[in-house]
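# Chains, contacts and geometry: an overview
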Amino acid sequence: MQDLTPTESLATGLTCIECGATYPLAYRLECDRCRGLLELHYDLDTLRRRGREAFQGPGLWRYTAVLPIARPEHRVTLGEGQTPLLECPGLAKFLGVKRLLIKFDGTNPTGTVKDRSSATAIAAALQFGFQAASVVSTGNAASSIAAYAARAGLRSLIFVYERASAPKMLHIGATATDLIIYKGVYDDLIGHWDRLAEEQLFFDCGASRNAYKQEGKKTLAYEIWEQNGFRVPDVVVAPVAVGEIFIAMARGFRELTRLGWIEKTPLMVAAQATRSNPVSRAFRDGGPLTPIKIGYTVAEGLATGDPGKKGEWVLRLLRQEGGLAADAEEEEILEAQKVLAKTEGIWAGPTGAAQLAVLGRLLAKKQVDPAQTICVIVSETGLKTEAEVPTRQGAAFDYNSLRALVLGRLAP
Ligand SMILES: *Cc1c(COP(=O)(O)O)cnc(C)c1O
Ligand SMILES: [Zn+2]
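Residues numbered from 1 in each chain as written. Chains lettered and ligands numbered in written order. Predicted model: local features only at pLDDT ≥ 70, side-chain atom pairs only at ≥ 80, totals over all residues. Heavy atoms only, no water.

## Brief notes about the coordination of the zinc ion (ligand 2)
Bound to the zinc ion (ligand 2) are the protein donor atoms C16 (SG), C19 (SG), C31 (SG) and C34 (SG), situated 2.3 to 2.4 Å from the metal. Of note is the zinc ion (ligand 2), whose four donor atoms meet at the metal with angles of 98 to 118° in an arrangement that counts as tetrahedral. Expressed as a motif, the donor residue spacing for the zinc ion (ligand 2) is C-x2-C-x11-C-x2-C. In this pair, C19 is assigned in the loop between β1 (11-16) and β2 (22-23) and C31 in the loop between β2 and β3 (38-42), connecting sequence segments 12 residues apart. Residue C19 is classed as partly exposed on the basis of its relative accessible area of 34%. Judged by relative accessible area, which is 2%, C31 ranks as buried. (Donors = N, O, S within 2.8 Å, 3.2 Å for Na, K, Ca; no water. Tetrahedral: all angles 85-135°; square planar, octahedral: opposite > 155°, others 65-115°. Helix = DSSP H or I, 4+ residues; strand = E, 2+ residues; numbered from the N terminus. Buried < 20%, exposed > 50% of the residue type's maximum accessible area, 1.4 Å probe, protein only.)

Here's what the structure looks like:
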């Protein structure tokens with residue numbers, strides 16, 4: 001019998017990514033000295049001694065050792081994590097690559113990767129004694145934070161984009177205690193909201209600064225490593241809006257290297273929508289990150305024109321560690337969504353499929369080697385997307401007409 005009790009958290013403190021100042025494990029959004037972003041640190045020596053057996057039990061909290069939540073009663077869960085890592089030979093053939101893996105995060109409880117960070121965000125809200133949580137979102141973070149706050153019995157002030165899809169609105173309406181719809185895009189509201197977060201009126205479940213929230217997304221790296229037989233792929237294509245997924249995954253792979261459990265980290269590719277591409281644009285032009293005014297993109301979860309300090313952090317990682325960044329146009333994203341469904345039966349939303357469209361571009365430009373093992377993060381289900389459905393005109397059948405139709409369809 002396996003012991004299913006999660007192990008203890010080995011988190012030791014927070015460190016400023018700019019000046020290196022260290023802080024104890026308290027609720028703190030930025031460095032006192034330089035206002036830099038903070039990142040969590042762990043006692044990796046102890047983890048190395050304990051070995052892989054330190055990871056026990058199901059789901060996201062399997063990786064408790066490398067997550068910042070000390071007490072089991074704070075580890076809220078809806079069954080997130082341990083999403084499938086799928087071998088995709090049909091899609092690999094279509095793209096002309098040797099081995100393609102899809103990490104399908106659409107099977108999370110609210111259908112997106114956001115559940116990883118919502119689990120650690122709401123757990124941290126409990127850990128630090130908050131009664132209310134809040135987030136500004138284009139839809140996915142909103143429905144995820146609302147669900148996890150409900151699960152934990154917290155008040156949730158959920159600010160959502162007025163163009164969020166009907167399924168998302170319905171979902172948020174059902175789970176949030178307070179749903180507030182805002183005009184304009186994410187970038188218009190986030191500055192004001194960040195100031196309220198500083199006043200600690202609520203627990204910050206936003207993507208700009210909270211290290212505890214971001215940390216949940218790190219489990220993607222650990223899962224891919226475990227599910228791929230304790231090896232990492234050569235290339236990982238990850239979406240970037242604010243950059244939490246990218247930064248957290250890069251950190252996860254770096255921790256695995258420091259633990260001596262992998263030899264080298266994968267090549268990380270930052271994928272964006274062309275209509276919302278500040279990181280990929282700065283990477284291409286070689287300059288600093290410049291915020292851009294954005295309009296609508298079908299990849300709603302990627303609609304961030306001003307990713308702030310996290311965007312700069314992504315850019316720094318790309319440049320220091322030799323990653324790649326690219327973006328894809330609306331039609332390419334919608335085409336990738338269809339191809340994924342037809343070749344592998346995976347129904348992803350446009351934000352989930354954007355990474356595949358970006359991979360297609362990089363392969364066409366020969367920037368990624370097709371002989372390598374490539375893993376694409378498909379970050380959401382298609383079931384929350386609003387779209388025109390094919391005609392609803394039904395047909396009536398009797399036995400003979402039904403049989404004739406079936407035989408006709410199956411004829412070679
Ligand atoms: C939010 C979101 C992203 C982008 O995540 P960041 O961590 O902000 O870069 C990607 N995919 C989906 C489905 C999302 O909801
Ligand atoms: Zn600092």
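## A look at the packing of aromatic side chains
Where two aromatic rings form a pair, the distance of their centres and the angle of their planes describe that pair. Enumeration over the complete set of coordinates arrives at 15 aromatic pairs. Ring geometry for F130 versus F203: centroids 5.3 Å apart, planes at 70°, classification edge-to-face. Of this pair, F130 sits in the loop between α3 (114-127) and β6 (132-137) while F203 sits in strand β9 (residues 203-204), placing them 73 residues apart in sequence. Residue F203 is classed as buried on the basis of its relative accessible area, which comes to 0%. With centroids separated by 6.4 Å and ring planes inclined at 35°, the aromatic side chains of Y161 and Y182 adopt a geometry described as tilted. (Phe/Tyr/Trp six-rings, centres within 6.5 Å; stacked < 30°, edge-to-face > 60°.)

## Concerning a nonpolar patch on the surface
A grouping of F397, L402, L405, V406 and L410 is seen on the molecular surface, where their side chains present a nonpolar patch of about 460 Å² in accessible area. Residue position: L405 is located in helix α14 (residues 399-410). A relative accessible area of 34% places L405 in the partly exposed class. (Patch = residues over 30% accessible without salt bridge, like charges linked within 9 Å, V, L, I, M, F, W, Y side chains within 5 Å. Areas by Shrake-Rupley, 256 points an atom, 1.4 Å probe, with all protein chains shown as cover. Salt bridge = Lys/Arg side-chain N within 4 Å of Asp/Glu carboxyl O.)

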